[in-house]
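Descriptive analysis of the structure
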Amino acid sequence: ACARALGGHRWQDGIRLLNEMRTSKYKNCAPDVVAYTAAIAGCSEAGEYTSAMQLIQTMRQEGIQPNVVTFSAVINACASASANLARKREEE
């Protein structure tokens, strides 16, 4: 939803929220697979494929196991990146 907001820059809010959750003094506020997956999907929708890939790496480094929905969001990010690259090559 953040990625589809007017201007397409709301994906950054998802990442900012993850960072706030990570630094929260409350233990029950740590980001989980759902929060990471939402941020990854938002990055993917906004065309921020590098950010999506960085998020899954961070997620795994923090010991949070991706689920099928997470992998689906990452595959979507990769497919969109590939399609954009093909489109750019056709324009050349």
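Now for a description of the structure that goes with this document.

About the cut-offs
- Residues numbered from 1 in each chain as written.
- Predicted model: local features only at pLDDT ≥ 70, side-chain atom pairs only at ≥ 80, totals over all residues.
- Heavy atoms only, no water.
- Helix = DSSP H or I, 4+ residues; strand = E, 2+ residues; numbered from the N terminus.
- Buried < 20%, exposed > 50% of the residue type's maximum accessible area, 1.4 Å probe, protein only.
- Contact = heavy atoms within 4.5 Å.
- Expected span 1.5 Å × (residues − 1).
- Arc of directions from axis to C-beta.

**Details of the side chain of S51**
Tracing the sequence through the fold places S51 in helix 3 (residues 49-61). By relative accessible area, which is 13% here, S51 ends up buried. Once you skip the residues sitting within four places of it in the chain, S51 turns out to touch W11, I15 and C43.

**Quick look at helix 1 (residues 11-22)**
With 12 residues, helix 1 ought to run about 16 Å at 1.5 Å a step, and its terminal C-alpha atoms sit 17 Å apart, in line with that. Among the residues of helix 1, those classed as buried are W11, G14, L18 and M21. Summarising the axial view, the buried residues of helix 1 lie within an arc of 75°, below the 170-degree limit, and thus occupy one face. Close packing links the buried residues of helix 1 with helix 2 (33-45) and helix 3.

**Some points on the environment of Q57**
Tracing the backbone through its elements, the reader meets Q57 in helix 3. Residue Q57 is classed as partly exposed on the basis of its relative accessible area of 46%. Sequence separation between Q57 and K88 is 31 residues, and the spatial gap between their C-alpha atoms is 27 Å.

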